[in-house]
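Close look at the chain arrangement
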Amino acid sequence: MKKIIEFSPGIESIFGVLDENLRLLESRLHIQIALQSEGIGLDGDPGGVARAEEIFGDYDRLRREGFSFPNGDLNSLLQLVLDDPQVRLHALAVSGRQRSFGKKIVQPKSLNQRRYLEAIARNDMVFGIGPAGTGKTYLAVAMGLSALLNKEVSRIILARPAVEAGERLGFLPGTLQEKVDPYLRPLYDALYDLLEAEKVDRLLERNTIEIAPIAFMRGRTLNEAFVILDEAQNTTQEQMKMFLTRLGFRSKAVITGDITQIDLPSGRASGLLQAMDVLARVEGISTVFFDERDVIRHHLVQQIIRAYEEYAERGGPAGPRQLPLLGPDAPPDLPDDAATPTVS
C-alpha cells in the first residue's frame, strides 16, 4: 500500500536526529518512508501505513496546539505509541501534561512516569520504586519545583543517605557540607538541569531549596515543604521511621529507591523495605513501581537491567542484599529480615 502525506510547516521536526524517528517507524510498522517532491511517501503493510499516517496527523495537530518535544522525549513517546495499538500520540502527550521550568520542558515518557506524576499530584506521600534511569528522582524534583514556583509550598528539602556504593572512600577533606556534597550530587544535577544556574544558586543561598543528608532531618518538623528522600533503599529502619514522621502541615513527601541496589553494610535491614510493608495499607500513601521499560537512558541500559534480572532468575549469584525487580502492579515480596514489629 502506498500513501502520500502532504507537507505542512514544521512537520519535518518529527524526523529526529539523523532521521532516527523515521527509522523507528519503518522498523516497527514494516513500512518504508521516503521524502518526495509532493510530500512524505509511505509504502508497505496497509496496517502500518495507516498507523504511520495517524501518527503524522497527531504530531501535526500537537505542533499546531503549541506542544514542543526535545528529540529524546518524542522518540520515547513514539515507542510507547508503537508498543500499544490502542494508544494515540495526541492523547498520550495531552494526558502527560508538559511542565515548563524556564529552560526545560518536562514530559512523562512512559505510562508509569505518568502514573507517578499523577500520584504525586493526588497524594501527600508517594513511594517511587524502580531501577536506575527511570526518572524517579528527576521527576520528583521537577514536581517539587513546580509546587514551589506555583507557591503551593514555601521550600523544597532534598535528603539522601550518605552511604558509599560498594567502595570505601576514607576520610574526605573539607567542611561537613563539602564532605557530604559528593553523595548529594545527583540532586544538584537535577536542579541545574531544570532551572537556570543563577536561579538555583539563589534558592540554595536562601535555603528555599535545602539539600542535606538524612541525618540532618532528626528533630525537625517540615511544614509547607516538598520533601524528597532519594536512594531510600540505603536508609536504616530507624532513619526511615524518623524521616516519615518529619512531615508537617501542607507538605508532601516523595520517597524514591531501587531495591535491587542496597548498599547498606551486611546485617543492616533496609528501611525502605520495612516501610513498604508497614505502610502498604495506609490511606493517602501511593506506591508506583517502575521497571526496565521505563528506563530513559541509552537504549543499552534497558537491556543491561533485563540481562541482570534474567541472570538472577537463572540462579546467578545476585548477592544477599539484592531483590528482583518489581512490575508496576506487583506487591512487594519482602525478605524475612524486613518482617519486623509494626512501627508505632
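In this section: the pattern of salt bridges. The full count for this structure, using the stated rule, is 14 salt bridges. For K3, the salt bridge identified is with E53, shortest N-O distance 3.6 Å. On the criterion of sequence distance, the pair formed by K3 in strand β1 (residues 2–5) and E53 in helix α2 (residues 46–64) is long-range, its members being 50 residues apart. When the shortest N-O distance is used, the salt bridge between D58 and R88 registers 2.8 Å. Of the two residues, D58 sits in helix α2 while R88 sits in the loop between α3 (71–83) and α4 (89–95), which places them 30 residues apart along the sequence.

Turning to the confidence of the model for the chain, a few remarks are in order. Looking at the chain, pLDDT values average 81 and 81% of them are 70 or higher. Mean pLDDT per element in the chain: strand β4 (residues 99–100) is the minimum at 64, and strand β6 (residues 125–129) is the maximum at 96. Here residues 164–170 scores under 50 on pLDDT; set against residues more than four positions off or in separate chains, the count is 7 contacts. The low-confidence segment residues 327–344 (pLDDT under 50) makes 29 contacts with residues lying over four places distant or belonging to another chain.

There is a patch of nonpolar side chains on the surface, built from L300, I304 and Y308 and spanning about 340 Å² of accessible area. Topologically, L300 is positioned in helix α11 (residues 299–313).

All right, on to the pairing of β6 then. Both faces of the sheet carry side chains from a regular strand, because those side chains alternate between them. Buried residues dominate β6, accounting for 5 of its 5 residues. Covered by surrounding structure in β6 are M125, F127 and I129 together with V126 and G128, the residues of both alternating faces. Where β6 lies against strand β10 (residues 252–257), 5 bridges are found, and the strand directions are parallel. Note that in β10 the partner of F127 across the bridge is I255. Two strands pair when backbone bridges link them, and β6 and strand β11 (residues 285–289) are joined in this way by 5 bridges, in the parallel orientation. The partner of F127 across the bridge, within β11, is T287.

In space, the 3 strands of this open sheet follow the order β1-β3-β2, with antiparallel pairing throughout. Strands at the two margins of the open sheet, each flanked by one partner only, are β1 and β2 (31–36). The mean inter-strand angle of the sheet, taken between neighbouring strand axes irrespective of direction, is 20 degrees. Alignment of β1 against strand β3 (residues 39–44), held across 4 bridges, turns out to be antiparallel. Looking across to β3, one finds that K3 is bridged to L42. Packed onto the sheet, α2 meets β1, β2 and β3 and runs at close to 155 degrees relative to β3.

What counts as what
Residues numbered from 1 in each chain as written. Predicted model: local features only at pLDDT ≥ 70, side-chain atom pairs only at ≥ 80, totals over all residues. Heavy atoms only, no water. Salt bridge = Lys/Arg side-chain N within 4 Å of Asp/Glu carboxyl O. Helix = DSSP H or I, 4+ residues; strand = E, 2+ residues; numbered from the N terminus. pLDDT = per-residue confidence, 0-100. Contact = heavy atoms within 4.5 Å. Patch = residues over 30% accessible without salt bridge, like charges linked within 9 Å, V, L, I, M, F, W, Y side chains within 5 Å. Areas by Shrake-Rupley, 256 points an atom, 1.4 Å probe, with all protein chains shown as cover. Buried < 20%, exposed > 50% of the residue type's maximum accessible area, 1.4 Å probe, protein only. Pairing = 2+ DSSP bridges. Axes fitted to C-alpha atoms, helices over the stretch in contact; angles between N-to-C directions.

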